[in-house]
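Single-letter residue listing:
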Amino acid sequence: VLKFTREISSATTIRRVSGDAIVIGETRYTGTIALTPDGLLEDFAPPSLEELALSHVEKLLEDEPERVILGTGTRTGFPPRELSFACARRRIGLEVMDTAAAARTFNVLAGEGRRLAAVLYL
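To start, this report covers the structure provided alongside it. All figures in this text were calculated on a predicted structure; none of them were measured in a lab.

Some words on the nonpolar core
One finds Val57 and Val119 to be the most contacted residues of the largest nonpolar core, which totals 17 residues. At the level of secondary structure, the elements contributing two or more residues to this core comprise helix H1 (54-57), strand S6 (67-72), helix H2 (81-89) and strand S8 (116-121). With residues near it in sequence (within four places) discarded, Val119 still touches Thr32, Ile33, Ala34, Phe44, Val57, Leu60, Ile69, Leu70 and Gly71. One finds Ile24, Leu35, Ala101 and Ala102 within the second-largest nonpolar core, a separate group that totals 16 residues.

Considering helix H3 (residues 99-111)
For H3, built from 13 residues, the straight-helix expectation of 18 Å at 1.5 Å per residue is met to within 8% by its first-to-last C-alpha distance of 18 Å. Residues of H3 that are buried in the fold lie against strand S1 (14-17), strand S2 (22-24), strand S4 (33-36), S6, strand S7 (93-97) and S8. Taking the backbone nitrogen of Ala100 as reference, a side-chain oxygen 3.1 Å away marks Asp98 as the first, capping residue of H3. Of the residues one or two after H3, Gly113 is the one with positive phi, at around 80°.

Examining the pattern of salt bridges
In this structure the tally under the stated criterion is 7 salt bridges. Between Lys59 and Glu62 there is a salt bridge; the shortest N-O distance is 3.4 Å. Here Lys59 matches Glu62 in class, with each residue exposed. Residue Glu66 is joined to Arg114 by a salt bridge in which the shortest nitrogen-to-oxygen separation is 3.4 Å. Within this pair, whereas Glu66 is found in the loop between H1 and S6, its partner Arg114 is found in the loop between H3 and S8, the two being separated by 48 residues in sequence.

Let's talk about the sheet that holds S8
Two strands in a sheet stick together by hydrogen bonds in their backbones, pointing the same way (parallel) or opposite ways (antiparallel). Here we have 5 strands laid out as an open sheet, ordered S5-S4-S8-S6-S7, and mixed in their pairing. Both outer strands of the open sheet, strand S5 (39-40) and S7, are each paired with one neighbouring strand and no more.

Quick word on unusual backbone geometry
Even without being a glycine, Glu64 presents a positive backbone phi close to 50°. Here Glu64 shows up in the loop between H1 and S6. Owing to a relative accessible area of 56%, Glu64 belongs among the exposed residues under this scheme. A positive phi angle, close to 60°, is found at Arg91, a residue other than glycine. Tracing the backbone through its elements, the reader meets Arg91 in the loop between H2 and S7.

What counts, and where the lines are drawn
- Within each chain, residues carry numbers counting from 1 in the order of the written sequence.
- Totals for whole chains, interfaces and linings use every residue, but because this is a predicted model, local features are given only for residues with pLDDT of at least 70 and side-chain atom pairs only at 80 or more, for both listing and counting.
- To get the side-chain values, all heavy atoms of the structure are used, and hydrogens and water are removed first.
- Take the buried residues of types Ala, Val, Leu, Ile, Met, Phe, Trp, Tyr and Cys, join any two whose side-chain atoms come within 4.5 Å, and each joined set is a nonpolar core.
- Burial here depends on accessible area, computed with a 1.4 Å probe over protein chains only, as a share of the maximum for the residue type. Under 20% is buried, over 50% is exposed, and the range in between is partly exposed.
- Helical segments are the DSSP runs of H or I of at least four residues, strand segments are the runs of E of at least two, and each set is numbered from the N terminus.
- The contact definition used throughout considers only heavy atoms, calling two residues in contact when any of these lie within 4.5 Å.
- An expected span of 1.5 Å times one less than the residue number is assigned to each helix.
- Contacts described as polar in this section are N or O atom pairs within 3.5 Å, which, within protein, must combine one atom able to donate a hydrogen with one able to accept it, while residues neighboring in sequence count only if both atoms come from side chains.
- By definition, a salt bridge exists where a carboxyl oxygen of Asp or Glu is found within 4 Å of a side-chain nitrogen of Lys or Arg.
- Here, strands pair whenever DSSP counts at least two bridges between them.

Right under this line is the structure:
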């Protein structure tokens, strides 16, 4: 029996998360990033986690992901409740976790071919 799997692009494979960088493919990022399995969102400059709003992630939601993964840094923190409510109204799941866990979750779900987006704070 043959089993087919979808490989995520090495351009969006999160290779490593440390306290000072997120490494995707061969590129090192030292700030908050936003991505989908298809690539990084350019010029993404969100406010602090406590101020994150739907307007900041609107571009990520254009492809109607089924889930948004929010990596909140070295510890799990929470965005404003209104962001959670706004995602729920659009029937988009919002999963909040520390950034290392978010990176692992992103890689697994992207590898399964899921429609998703991620915002990863350092």
